[in-house]
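Structural characterization, general
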Amino acid sequence: MTSMPVVAEPAMDVLGRDYTFPNRIEGLPAQLSDFAGLEINAFVTSDGVRLAYWAAGQGRPLIFVPGWSANGAEFVNVMYLLSRHYRVYVLDPRNQGLSQRVDYGSRISRFAVDLREFGDHLGLDSADYVGWSMGASVLWSYIDLFGTGRIRRLAIIDEPISIYSHADWSEQERLEAGGMTTSPERMIAAFTQGAPANSLIVDMSAVERAMAMDAPAYVNSTSFSRAFIQNDPVAMGRVLFDHITNDWRDVVRHRIKVPTVIFTGELSRNLPSQRWMHSVIPGSTLHVYSAAEQGDHFLAFKNPERFTTDLRAFLDR
């Protein structure tokens, strides 16, 4: 497949105004207008859904797949730093970010097809891919369906390999898979409605870390997203049952045939599963950030300088 230019609109034009970030951080944009090359565009999938994507920079293509409820706005600092070296894209999944809200296609496999069609839209026969949280599951599904032929290098950021913890698993199996709930329905209610849940049924540590606005860069990217993106919990929740109940251990163990890097941290409950993933993917690289380095589920946003430096070292190796 031959790469072809895709015209995108400046983010300032699409969003309609400038934005001043709460914290001034050396090396990162103080205002949206400081990120002059940031663009937003969209394409329509084969099942008729308009998906938005964010783009910046020139060079080898680098595609980010956001996690559940996330969007390209949250990657503003990561994109700003990496766009000096690559052509960076962030695809807003259906029902998230600036993409269309629909009541169909709410399966990880359909999200993987959306990602494949995004590559077709861009005319890419090869790219580097980064999946954060649920975005990693989308990439595992992509690999399961299509293989790794169009993936040059793969990065995974802190995603459980099976969120649902089966009743007949040993504790070791639960840790290796990353199981964090015994009830998909209770987890969906907790994540979309704020319903009460105890730690024996739903591990809410990722939500707690999301609410810990303990890094200036994270405050900036989160506030920017909240200023322009209106999430619909009902629409976002449609994919959660499918997402929770998938078990990707066979894909992780047998289907990943490209250089792979894994990011996690001391403050993440996913650390044991990320270590297991590292142990079964030959030649993979594992980064474990310390608490001082903001090593939790949101490490890429809380410590974008360190994350982008480590990612670049892997991509350019």
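Look a little higher up for the structure.
For clarity, every value in this text was computed on a predicted model and none was experimentally measured. (Residues numbered from 1 in each chain as written. Predicted model: local features only at pLDDT ≥ 70, side-chain atom pairs only at ≥ 80, totals over all residues. Heavy atoms only, no water.)

1. Thoughts on the packing of aromatic side chains
Geometrically, a pair of aromatic rings is defined through the distance of the ring centres and the angle of the planes. Taken as a whole and assessed by the stated rule, the structure comprises 22 aromatic pairs. For the pair Y19 and F21, a centre-to-centre distance of 5.3 Å together with 80° between the ring planes defines the contact as edge-to-face. Accessibility classification places Y19 together with F21 in one group, the buried group. Site record: aromatic cluster; members linked through ring pairs are F64, F75, W132, Y218, F298 and F301. Over the face of the ring belonging to Y218 we find K302, whose NZ or CZ atom lies 5.0 Å from the ring centre. A cation over a ring is seen here: R306 above Y289, with NZ or CZ 4.2 Å from the ring centre. (Phe/Tyr/Trp six-rings, centres within 6.5 Å; stacked < 30°, edge-to-face > 60°. Buried < 20%, exposed > 50% of the residue type's maximum accessible area, 1.4 Å probe, protein only. Lys NZ or Arg CZ within 6 Å of the ring centre and 35° of its normal.)

2. Describing the pairing of strand β7 (residues 151-157)
Most of β7 is tucked away, with 6 of its 7 residues classed as buried. Summarising the sheet, strand β6 (residues 127-132) and β7 pair through 5 bridges and their orientation is parallel. By the bridge assignment, G131 is partnered in β7 with I156. Following the backbone out of β6, through helix α4 (residues 134-146) and into the adjacent parallel β7, one traces a crossover that is right-handed. Where β7 meets strand β8 (residues 260-265), 4 bridges bridge the pair, whose relative direction is parallel. Within β8, the position partnered with I157 by the bridge is F263. (Helix = DSSP H or I, 4+ residues; strand = E, 2+ residues; numbered from the N terminus. Pairing = 2+ DSSP bridges. Right-handed = clockwise from strand over helix to strand, strands pointing away.)

3. Observations regarding the pairing of strand β4 (residues 61-65)
Of all 5 residues in β4, 5 are buried; the element is thus mostly enclosed. Side chains P61, I63 and V65 of β4 all project onto a buried face; the interleaved residues L62 and F64 project onto the opposite face, where all are buried too. Here β4 runs beside strand β5 (residues 87-91); their pairing, made up of 4 bridges, is parallel. The partner of I63 across the bridge, within β5, is Y89. On the question of chirality, the crossover connecting β4 to the parallel β5 by way of helix α2 (residues 76-82) is right-handed. Of the pairings in the sheet, the one linking β4 to β6 comprises 4 bridges and is parallel in character. Looking at the pairing, V65 lines up with G131 of β6.

4. Quick notes on the packing of helix α3 (residues 108-122) against α4
Closest axis-to-axis distance for the α3/α4 pair is 8 Å, and the angle between their directions is 75°. With respect to their mutual orientation, α3 and α4 come out roughly perpendicular. Counted together, I108, S109, F111, A112, V113, L115 and R116 of α3 and M134, S137, V138, L139, S141, Y142, L145 and F146 of α4 form the full contact between these two elements. Here the contact of α3 with α4 is built from residues that sort into 11 nonpolar, 3 polar and 1 charged. (Axes fitted to C-alpha atoms, helices over the stretch in contact; angles between N-to-C directions. Parallel < 35°, antiparallel > 145°, perpendicular 65-115°, else oblique. Contact = heavy atoms within 4.5 Å. Nonpolar A, V, L, I, M, F, W, Y, C, P; charged D, E, K, R; others polar.)

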